[in-house]
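Structural characterization, general
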Amino acid sequence: MKERLLSLDVFRGMTICFMIIVNTPGTWKYVYTPLKHASWEGSTPTDLVFPFFVFIVGLSMVFSFSRIAGQEKSAIALKILRRTALIFLVGLFLNWFPFFHKNIADLRIMGVLQKIALSYGGAAFIVLYARKSWLPYITAVVLLGYWALLYGLGGEIPYGLDDNIVRTVDLKILGESHLYGGFGIPFDPEGLLSCLPSIGTVLLGYIFGSRILAVESKSKLIQEYTIAGALLVGAGLVWGMSFPIIKALWTSSYVLYTAGLALLVFAILIYVIDVAGWKKWAYPFRVFGLNPLLAYALSGLVFRLFIYVFKFDGTHPYKWAYEHFFNPTFGNYFGSFFQAFTYMALIWFFSWLLYRKNIVIKL
């Protein structure tokens, strides 16, 4: 079974669609509970979206590496470095854009795209230079080693907000003014050290993605993914009893739990789309799936234009639209959600313009 699975493109597009929706409510005051992140420990549906995309990065690497098989490793390494740097710099650009609203001395260094870049780059170099048979063991060492780092080098509450080693490393390397402040204190949920376990997420995606090229049928693949997904979810929940599931720290238990759920969702999509042939419903997600990182970056760029550049009736147009249309028409919660959905549809339209011409712009 060596043809590309349409379900993979749909899965990728679904994650981008929901990433945009959860990032752009009409107001943060009124957000449905499933569309919020867990306050610290635990996991909501929203906490699954980012690791699902990182897992898909690993799945997709199987195909990208198969296309460049036979090339010199030095040439492949250069391509990995270039792509890692490009994605990281685009994320940094979005953090600063539109430039006048924030001093570079207070610029947040890390972010979603930056974490994707470092996770991809780290995992890609491991895949490039390590034997394929070593990958499960390397992944285990990464996840166990991260657990040891957090437990051994953290403070009195090693998995808490204040004393975790992830925050300590970021404070030492990046500095307080360059960290995210949304937790009430300087702490970055996309921190440098927490890129280690997210590299593990990419590696798990690659390991299981390799089965796509190895098994003889989609039915066999679905069976393997269902069993492996259930085992990973169970392992993550059990490990979570001692090493809590925490997205902000990207804990190792969170890696197993979310990777298992990603496999189960992927198995369902393979059956629905690639086996049963029910494809028409998935068209909107296929559009996002063609240029996923570009769509995500564009959503951040346009949103910042609305917030910081354009002014309308004494406020920015995004807030005005909620207060004068979405809230009066649809109410507090649904109005906030529907505005995010409408904004996602706007970004989808731009993605569709590229899709209809089969234009792929890779970050």
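See the structure above.
Throughout what follows, the structure given in this document is the object of discussion. Not measured: the values here are computed from a predicted model.

So, on to the overall build of the protein chain. The number of helices and strands found in the protein chain is 13 helices and zero strands. Taken over C-alpha atoms, the radius of gyration comes to 20 Å for the protein chain, in line with the 21 Å a tight globule of 363 residues would show. Buried residues in the protein chain amount to 52% of all 363 residues. Looking at the protein chain alone, contacts between residues at least 24 apart form 73% of all its contacts between residues at least 6 apart. Total accessible area on the protein chain stands at roughly 16,700 Å², and carbon and sulfur atoms take up 66% of it. Within the protein chain, one finds 30 positive and 18 negative side-chain charges whose respective centroids are separated by 11 Å.

Here we take up a nonpolar patch on the surface. Taken together, the side chains of Tyr-32, Phe-325, Phe-330, Tyr-333 and Phe-334 present a nonpolar region at the surface, about 450 Å² in accessible area. Those elements that place two or more of their residues in the nonpolar patch are α12 (317-330) and α13 (332-356). On the secondary structure map, Tyr-333 appears in helix α13. Residue class for Tyr-333 comes out partly exposed when judged on its relative accessible area of 39%.

Another point: the pattern of salt bridges. Per the stated rule, a full pass over the model turns up five salt bridges. Note that Arg-12 is salt-bridged to Asp-9, the shortest N-O span being 2.8 Å. Here Asp-9 and Arg-12 lie together in helix α1 (residues 6-23), a separation of three residues that amounts to about one turn. When sorted by exposure, Arg-12 lands in the same class as Asp-9, which is buried.

Below, the discussion takes up the nonpolar core. Core analysis: the biggest nonpolar cluster contains 103 residues, and Met-61, Leu-113, Tyr-225, Leu-249 and Phe-266 have the highest contact counts within it. Apart from the residues lying within four places of it in its own chain, the contact partners of Leu-249 are Trp-40, Tyr-146, Leu-150, Tyr-159, Asn-164, Val-166, Phe-187, Ser-194 and Pro-197.

On to the side chain of Asp-188, then. Examined against the element boundaries, Asp-188 turns out to sit in the loop between α6 (165-173) and α7 (195-209). A distance of 3.0 Å separates a polar atom in the side chain of Asp-188 from the backbone nitrogen of Glu-190. Excluding its chain neighbours within four sequence positions, the residues that come into contact with Asp-188 are Arg-108, Met-110, Val-166, Asp-170, His-178, Leu-179, Tyr-180 and Ala-248.

Parameters at a glance
Residues numbered from 1 in each chain as written. Predicted model: local features only at pLDDT ≥ 70, side-chain atom pairs only at ≥ 80, totals over all residues. Heavy atoms only, no water. Helix = DSSP H or I, 4+ residues; strand = E, 2+ residues; numbered from the N terminus. Rg over C-alpha atoms; globule rule 2.2 N^0.38 Å. Buried < 20%, exposed > 50% of the residue type's maximum accessible area, 1.4 Å probe, protein only. Contact = heavy atoms within 4.5 Å. Areas by Shrake-Rupley, 256 points an atom, 1.4 Å probe, with all protein chains shown as cover. Lys, Arg positive; Asp, Glu negative; His and termini not counted. Charge placed at Lys NZ, Arg CZ, Asp CG, Glu CD. Patch = residues over 30% accessible without salt bridge, like charges linked within 9 Å, V, L, I, M, F, W, Y side chains within 5 Å. Salt bridge = Lys/Arg side-chain N within 4 Å of Asp/Glu carboxyl O. Core = buried A, V, L, I, M, F, W, Y, C linked by side-chain atoms within 4.5 Å. Polar contact = N/O pair within 3.5 Å; in protein donor to acceptor, adjacent residues only side chain to side chain.

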